[in-house]
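# Remarks on the overall topology
Take a look at the letters that make up each chain.
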Amino acid sequence: MFSLISSLLSLLFLILIPCLITFYKWFPVFLPKLLGLIKFKAARDDHENEKRDEGTCVVREEELQRELMPRHVALILDGNRRWAKQHGVLTEQGHQAGAIRFIEIAELCFELGIHTVSAFAFSTGNWGRDEDEVKWLMSLFQHQLKSNIQYFHRNEIRVSVIGNQTNIPEPILQRIHEIEETTKGYKNKHLIMAIDYSGRFDIMHACKSLVKKSEKGLIREQDVDEALIERELLTNCTDFPSPDLMIRTSGEQRISNFFLWQLAYTELFFSPVLWPDFDKDKLLEALASYQRRERRFGCRI
């Protein structure tokens with residue numbers, strides 16, 4: 001019996017010793033890779049959990065850091081028509097609810113110390129919608145500009161409207177020019193509404209402007225750089241033309257031809273909530289998500 005046990009132990013040692021030698025040799029090589037895989041999986045799980053929790057997180061205002069607030073928040077106001085359908089009301093009432101919500105969210109942003117708030121209110125592609133809906137939207141823009149003019153002055157908010165504007169009715173254009181002229185002196189709060197706007201049109205408009213200046217001898221080829229192009233974009237009306245944070249509601253995850261140049265390094269936040277339901281809690285959630293991110297602008301930190 002003793003000899004049998006001795007033989008088994010010898011055999012076991014003969015098997016284990018090469019394994020231990022191999023393990024000792026390759027352990028330093030595989031350990032970092034193993035730890036890297038564990039770290040990657042943990043990060044992926046955190047990201048998936050964050051995506052699942054998006055739209056349900058409750059953030060208190062005092063949890064946000066004022067010094068980390070974005071200077072420019074851009075909004076894609078998506079979901080008015082779906083909201084109207086869900087609530088069994090007319091499409092016009094959905095747009096009306098969305099317009100009211102926009103003023104409320106802009107006001108919250110300004111209270112939090114955000115300088116510029118821009119909104120994709122009406123894209124160039126929206127002209128293809130039902131004719132009655134487009135007419136109603138145009139009248140809504142005019143009404144909102146007129147009814148809020150005292151609010152803008154009382155709170156010293158500068159208002160700018162950017163876009164093509166060649167198809168906008170003359171009475172609305174007059175109202176736009178009036179409110180832009182009378183609020184242009186305000187410095188600390190800037191509200192930008194993109195109406196009949198297209199990111200492609202914006203870039204094309206800038207290129208045409210540079211060509212005209214070149215033909216007049218005002219600029220040379222070597223003068224053209226990113227800063228020069230940026231000065232020709234429609235967002236040259238603001239001190240902060242490139243948004244720090246863009247928020248799109250309704251669960252859609254695309255930028256839909258909005259600020260194609262300006263969004264190059266913008267942080268994106270997609271909310272599943274339809275725009276008329278995007279309230280203060282949802283805004284705070286988006287801002288908290290922004291403040292947790294590490295912005296590198298293409299560089300390693």
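Everything in this summary refers to the structure shown in the same document. What you see is a predicted model; the values in this text were computed from it and never measured.

## Some words on the packing of helix α4 (residues 131-147) against helix α6 (residues 170-183)
Relative orientation of the contacting elements α4 and α6 amounts to 30°, with a least axis distance of 10 Å. Considering the angle they form, α4 stands roughly parallel to α6. The hand of the α4/α6 crossing is left-handed. In this structure, α4 contributes Met138, Gln142, Leu145 and Lys146 to the contact, and α6 contributes Pro171, Ile172, Arg175, Ile176 and Ile179. Considering only residue class, the contact of α4 with α6 consists of 6 nonpolar, 1 polar and 2 charged.

## Focus on the sheet that holds strand β4 (residues 190-197)
The pairing of strands in a sheet comes from backbone hydrogen bonds and takes either a parallel or an antiparallel form. If you trace the 6 strands from one edge of the open sheet to the other, you get β3-β4-β2-β1-β5-β6, paired in parallel fashion. At either end of the open sheet lies a strand with only one pairing partner, and these are β3 (158-162) and β6 (267-270). Neighbour to neighbour, the strand axes of the sheet diverge by 20° on average, direction disregarded. Relative to β6, strand β5 (residues 245-248) runs parallel, the two sharing 4 bridges. Counted as the bridge partner of Met246 is Leu268 from β6. Lying over the sheet, α4 contacts β2 (116-123) and β4, oriented at roughly 155° with respect to β2. The strands that helix α9 (residues 280-292) touches are β5 and β6; relative to β5, the one it contacts most, it runs at about 140°.

## Regarding the side chain of Ser250
Position of Ser250 among the secondary structure elements: in the loop between β5 and β6. Not counting residues within four places of it along the chain, the set of residues in contact with Ser250 comprises Asp78, Gly79, Arg82, Ser271, Pro272, Val273 and Leu274.

## Focus on α4
Relative to the 24 Å expected for 17 residues at 1.5 Å per residue, α4 spans 24 Å between its end C-alpha atoms, a close match to the ideal helical length. For α4, the full list of buried residues reads Glu133, Val134, Leu137, Met138, Leu140, Phe141, Gln144 and Leu145. Projection of α4 onto a plane perpendicular to its axis shows the buried side chains occupying an angular sector of 160°, all on one side. Seen from the open side of α4, the exposed residues pointing more than 90 degrees away from its buried face are Glu131, Asp132, Lys135 and Lys146. In this fold, the buried residues of α4 make contact with α2 (80-87), α3 (91-111), β2, α5 (149-154), α6 and β4. Measuring from the backbone nitrogen of Asp132 back to the side-chain oxygen at the start of α4 gives 3.1 Å, which picks out Asp130 as the cap.

## A look at the packing of aromatic side chains
Taken as a whole and judged by the stated rule, the model has 9 aromatic pairs. Centre to centre, the rings of Phe122 and Phe141 are 6.0 Å apart; their planes meet at 80°, and the pair counts as edge-to-face. Placement of Phe122 in strand β2 and of Phe141 in helix α4 is noted, with a sequence separation of 19 residues between them. Just as Phe122 is buried, Phe141 falls in that class too. Between Trp275 and Phe278 the ring centres are 5.5 Å apart and the planes differ by 15°, which places this aromatic pair in the stacked class. With a relative accessible area of 0%, Trp275 lands in the buried category. A relative accessible area of 0% places Phe278 in the buried class.

## Things to note about the pattern of salt bridges
Counting across every chain of the model gives 19 salt bridges. Of the charged contacts, one joins Arg101 and Glu104 as a salt bridge, the two residues approaching to 3.0 Å between their closest N and O atoms. Remark: Glu104 and Arg101 occur in helix α3; sequence separation between them is 3 residues, near one turn of the helix. Two residues, Asp223 and Arg220, come together in a salt bridge whose shortest N-O distance is 3.5 Å. One continuous salt-bridge network, built from bridges that share partners, spans Arg71, Asp244, Glu267, Arg293 and Arg295.

## Considerations on the pairing of strand β1 (residues 72-76)
For a regular strand, side-chain orientation follows a simple rule: the groups alternate between the two sheet faces. β1 sits mainly inside the fold: 5 of its 5 residues count as buried. The alternating pattern of β1 places His72, Ala74 and Ile76 and Val73 and Leu75 on opposite faces, both of which are buried. Both β1 and β5 contribute to a ladder of 4 bridges, which runs parallel. Residue Val73 lies in a different strand from β5, and its bridge partner there is Leu245.

Conventions and cut-offs
- Residues numbered from 1 in each chain as written.
- Predicted model: local features only at pLDDT ≥ 70, side-chain atom pairs only at ≥ 80, totals over all residues.
- Heavy atoms only, no water.
- Axes fitted to C-alpha atoms, helices over the stretch in contact; angles between N-to-C directions.
- Helix = DSSP H or I, 4+ residues; strand = E, 2+ residues; numbered from the N terminus.
- Parallel < 35°, antiparallel > 145°, perpendicular 65-115°, else oblique.
- Left-handed = near helix turned anticlockwise from the far one by under 90°.
- Contact = heavy atoms within 4.5 Å.
- Nonpolar A, V, L, I, M, F, W, Y, C, P; charged D, E, K, R; others polar.
- Pairing = 2+ DSSP bridges.
- Expected span 1.5 Å × (residues − 1).
- Buried < 20%, exposed > 50% of the residue type's maximum accessible area, 1.4 Å probe, protein only.
- Arc of directions from axis to C-beta.
- Polar contact = N/O pair within 3.5 Å; in protein donor to acceptor, adjacent residues only side chain to side chain.
- Phe/Tyr/Trp six-rings, centres within 6.5 Å; stacked < 30°, edge-to-face > 60°.
- Salt bridge = Lys/Arg side-chain N within 4 Å of Asp/Glu carboxyl O.

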